[in-house]
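# Structure at a glance
Chain by chain, the residues run as shown.
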Amino acid sequence: MQLQLLSDGLLANPSTITPVLRRLRWINPVSYAYAALVQNEFRGMEFECQPGSQCYSNGDQVIETYAMGRLSIGENVAFQILLAAVFFAAGYAMLRWKIKPKYIWI
């Protein structure tokens, strides 16, 4: 679970993570959900910065900084559905293969 949270950008910026762990975000459904949530919350937002302080002026800069804009919200949802279907199909196939009754020849 920690590797999932680390690779999706919740605990660390994805561009600063080791390349080996960075690849985990492609099979991590939490990564797609978090990216869609960040885009939903920050897209189009404007922030007020105090003079002399370091901050983001708008939400698009936040999305770009944390590398959450690689896919749109719809694409993130579609990938979550696709990953769920693949995981369910793989689980069904493994259970079907492992728990096959001994008396069936097929």
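Everything numeric in this text was worked out from a predicted model, so none of it was measured.

### Section: the pattern of salt bridges
Counted under the stated rule, the structure contains one salt bridge. Residue Asp60 pairs with Arg43 through a salt bridge whose shortest N-O separation is 3.7 Å. Here Asp60, found in helix α4 (residues 59–65), pairs with Arg43, found in the loop between α3 (29–42) and α4; they are 17 residues apart in sequence, far enough to count as distant.

### A short note on the state of the cysteines
Disulfide: a covalent bond formed between the sulfur atoms of two cysteine residues. Summed over the entire model, instances satisfying the criterion amount to one disulfide. Residue pairing for Cys49: its cysteine sulfur links by disulfide to Cys55, the two sulfurs lying 1.9 Å apart. According to the relative accessible area criterion, Cys55 is partly exposed, its value standing at 39%.

### Observations concerning the packing of aromatic side chains
Scanning the entire structure with this criterion turns up two aromatic pairs. The ring of Trp26 has Arg70 lying over it, and the distance from NZ or CZ to the ring centre is 4.4 Å.

### Focus: the environment of Glu48
As for its position among the elements, Glu48 is in the loop between α3 and α4. For Glu48, a relative accessible area of 80% puts it in the exposed group. Each C-alpha atom of the pair Glu48 and Asn58 lies 8.6 Å from the other, and the pair is 10 residues apart in sequence.

### A closer look at the side chain of Asn58
Mapped onto the fold, Asn58 is located in the loop between α3 and α4. Apart from residues no more than four positions distant in its own chain, Asn58 is found in contact with Met45, Glu46 and Phe47.

### Quick word on α3
Relative to the 20 Å expected for 14 residues at 1.5 Å per residue, α3 spans 20 Å between its end C-alpha atoms, a close match to the ideal helical length. Regarding α3, the residues found buried are Ser31, Tyr32, Ala35, Ala36, Val38 and Gln39. One side of α3 holds all its buried residues, which, seen down the axis, span an arc of 160°. Those residues of α3 that are buried lie in contact with α4 and α5 (73–98).

### Examining the side chain of Asn76
As for its placement among the helices and strands, Asn76 is situated in helix α5. A relative accessible area of 1% places Asn76 in the buried class. Those residues in contact with Asn76 that lie beyond four places of it in its chain are Tyr32, Ala35, Ala36, Gln39 and Leu71.

Reading the values: the criteria
- Residues numbered from 1 in each chain as written.
- Predicted model: local features only at pLDDT ≥ 70, side-chain atom pairs only at ≥ 80, totals over all residues.
- Heavy atoms only, no water.
- Salt bridge = Lys/Arg side-chain N within 4 Å of Asp/Glu carboxyl O.
- Helix = DSSP H or I, 4+ residues; strand = E, 2+ residues; numbered from the N terminus.
- Disulfide = S-S within 2.5 Å.
- Buried < 20%, exposed > 50% of the residue type's maximum accessible area, 1.4 Å probe, protein only.
- Phe/Tyr/Trp six-rings, centres within 6.5 Å; stacked < 30°, edge-to-face > 60°.
- Lys NZ or Arg CZ within 6 Å of the ring centre and 35° of its normal.
- Contact = heavy atoms within 4.5 Å.
- Expected span 1.5 Å × (residues − 1).
- Arc of directions from axis to C-beta.

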